[in-house]
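Residues per chain are reported as follows:
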Amino acid sequence: MKKIIIPLFVFFLVGCGNDPLPKPKAFLRLDYPTPIYNRVDIPVPFSFEKNTLSKSISKIKTEDNGTSYSVDIEYPKLKGTIYLTYKKVTETNLKSLLRDAQNLTQKHTQKADEIQSEFFEYPKKNVYGMFYEVGGNAASQSQFYATDSTNHFLSGSLYFYAKPNYDSIYPAAIYLRNDIKRVMESLEWKY
C-alpha cells in the first residue's frame with residue numbers, strides 16, 4: 001500500500017504546480033495595401049496626391065464667391081474621411097484662420113490622452129504649417145493646417161464613422177495619418 005501512496009503523492013505534488021491561466025486576448029490584425037498615390041487635379045486653388053484606396057473626389061463645396069472650398073477624401077474600407085477646407089488669405093484673416101485651426105485641435109484635449117504637434121515646411125513649394133496627432137478617444141485623430149502666409153490656407157481633419165475607441169481605430173488612424181502627411185508633402189498652390 002505504501003508503494004502506491006508514495007508515487008501518487010509525488011504525482012500530485014509535481015502535477016499541481018502552477019494554476020491554469022487564461023490565454024491572453026488576441027489583437028485584430030488589419031493589413032492594409034501598400035499606398036499608391038496619384039496627383040489630384042480638381043477645380044480648387046491647390047493640388048495634392050491622394051491614396052488610390054480612397055474614393056474619387058466627388059464632394060467639392062464652393063462658398064464665398066470662390067474664396068472657400070471643402071473637399072472630402074473618403075475611405076469606405078477604413079470607415080474614415082479626411083476633410084479638407086481651403087480659405088483664401090486676405091490682409092485681415094490670416095491670424096483668425098491660424099487661431100481657428102489651432103483651437104479646433106485644442107478642443108480635443110478633453111478626450112485626448114496627448115496631442116503631439118509637428119512643424120513642417122517646404123520652402124520650394126511655399127508651404128508651411130503644423131501637423132497634430134491626437135492620442136486617445138478623441139473625435140479626430142489627426143489634424144493639420146498649411147499656408148503660404150499670403151494667399152492660401154488649407155486645413156484638414158481625420159474623422160471615422162464610428163465611436164472613437166482609440167484601440168480599435170489605431171491601425172486605420174496610423175494608415176490615414178501617413179496619407180495626411182502625403183497630402184501635406186505633395187501640396188502645391190495653383191494660383
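Structure first, text after, so check above.
What you see is a predicted model, and the numbers here were worked out from it, not measured in a lab. (Residues numbered from 1 in each chain as written. Predicted model: local features only at pLDDT ≥ 70, side-chain atom pairs only at ≥ 80, totals over all residues. Heavy atoms only, no water.)

**Q** Explain helix α3 (residues 166–186) to me, and be specific about the residues and the numbers.
**A** Spanning 21 residues, α3 covers 28 Å between terminal C-alpha atoms, matching the ideal 30 Å at 1.5 Å per step. By the largest-angle criterion, Ala-172 marks the main kink of α3, which is about 35°. For α3, the full list of buried residues reads Ile-169, Ala-172, Ala-173, Ile-174, Tyr-175, Leu-176, Arg-177, Asp-179, Ile-180, Val-183, Met-184 and Ser-186. (Helix = DSSP H or I, 4+ residues; strand = E, 2+ residues; numbered from the N terminus. Expected span 1.5 Å × (residues − 1). Bend = angle between axes of the 7 residues up to and from the residue. Buried < 20%, exposed > 50% of the residue type's maximum accessible area, 1.4 Å probe, protein only.)

**Q** Account for unusual backbone geometry, with residues named and values stated.
**A** Unusually for a residue other than glycine, Asn-126 sits at a positive phi of about 60°. Among the structural elements, Asn-126 can be located in the loop between β6 (112–122) and β7 (127–136). A positive phi angle, close to 75°, is found at Ser-149, a residue other than glycine. Along the chain, Ser-149 turns up in the loop between β8 (140–147) and β9 (152–160). Overall, Ser-149 belongs to the partly exposed group, its relative accessible area being 40%.

**Q** Explain the packing of aromatic side chains to me, using residue names and the numbers behind them.
**A** Counted under the stated rule, the structure contains 8 aromatic pairs. With a centroid separation of 5.7 Å and 50° between ring planes, the pair formed by Phe-120 and Tyr-122 is classed as tilted. Judged by relative accessible area, Tyr-122 falls into the partly exposed class, the value being 25%. A connected cluster of aromatic rings, assembled from ring pairs, spans Phe-46, Phe-48, Tyr-69 and Tyr-86. (Phe/Tyr/Trp six-rings, centres within 6.5 Å; stacked < 30°, edge-to-face > 60°.)

**Q** How would you explain the nonpolar core if you had to name every residue and give the values?
**A** Of all hydrophobic cores here, the largest spans 33 residues; its most connected members are Phe-46, Phe-48, Ile-73, Leu-84, Phe-144 and Leu-154. If you list the elements that add at least two residues to this core, you get β2 (46–51), β4 (68–75), β5 (80–88), β7, β8, β9 and α3. Element by element, the count of residues in this core is highest for α3, at 8 residues. Look past the residues within four positions of Ile-73 in its chain and what remains in contact with it is Phe-48, Lys-50, Ser-54, Ile-57, Gly-80, Thr-81, Ile-82, Leu-84 and Val-183. With 8 residues, the next largest nonpolar core counts Val-89, Leu-94, Ala-101 and Phe-153 among its residues. (Core = buried A, V, L, I, M, F, W, Y, C linked by side-chain atoms within 4.5 Å. Contact = heavy atoms within 4.5 Å.)

**Q** Quick rundown of the sheet that holds β2? Include the residues and the values.
**A** Reading across from one edge, β1-β2-β10 is the order of the 3 strands in this open sheet, with antiparallel pairing throughout. Whereas interior strands pair on both sides, the edge strands pair on one side only; in this sheet they are β1 (37–40) and β10 (188–189). Pairing between β2 and β10: 2 bridges, direction antiparallel. Paired with Ser-47 across the strands is Glu-188, a residue of β10. The strands touched by α3 are β1, β2 and β10; relative to β2, the strand with the most contacts, the crossing angle is about 150°. (Pairing = 2+ DSSP bridges. Axes fitted to C-alpha atoms, helices over the stretch in contact; angles between N-to-C directions.)

**Q** Break down the environment of Leu-97 for me, with residues and values.
**A** Note that Leu-97 resides in helix α2 (residues 94–106). Taking relative accessible area as the criterion, Leu-97 reaches 11% and is therefore assigned buried. Expressed as a C-alpha distance, the spacing of Leu-97 and Ser-155, which sit 58 residues apart in the sequence, is 9.1 Å. With sequence-adjacent residues up to four places away left out, Leu-97 is seen in contact with Lys-87, Val-89 and Phe-153.

**Q** Please provide a residue-by-residue account of the side chain of Glu-133, values included.
**A** One can find Glu-133 in strand β7. A polar atom in the side chain of Glu-133 sits 3.2 Å from the side chain of Arg-177. In this structure, Glu-133 is in contact with Glu-114, Ile-115, Gln-116, Gln-141, Ile-174 and Arg-177, ignoring residues within four places of it in sequence. (Polar contact = N/O pair within 3.5 Å; in protein donor to acceptor, adjacent residues only side chain to side chain.)

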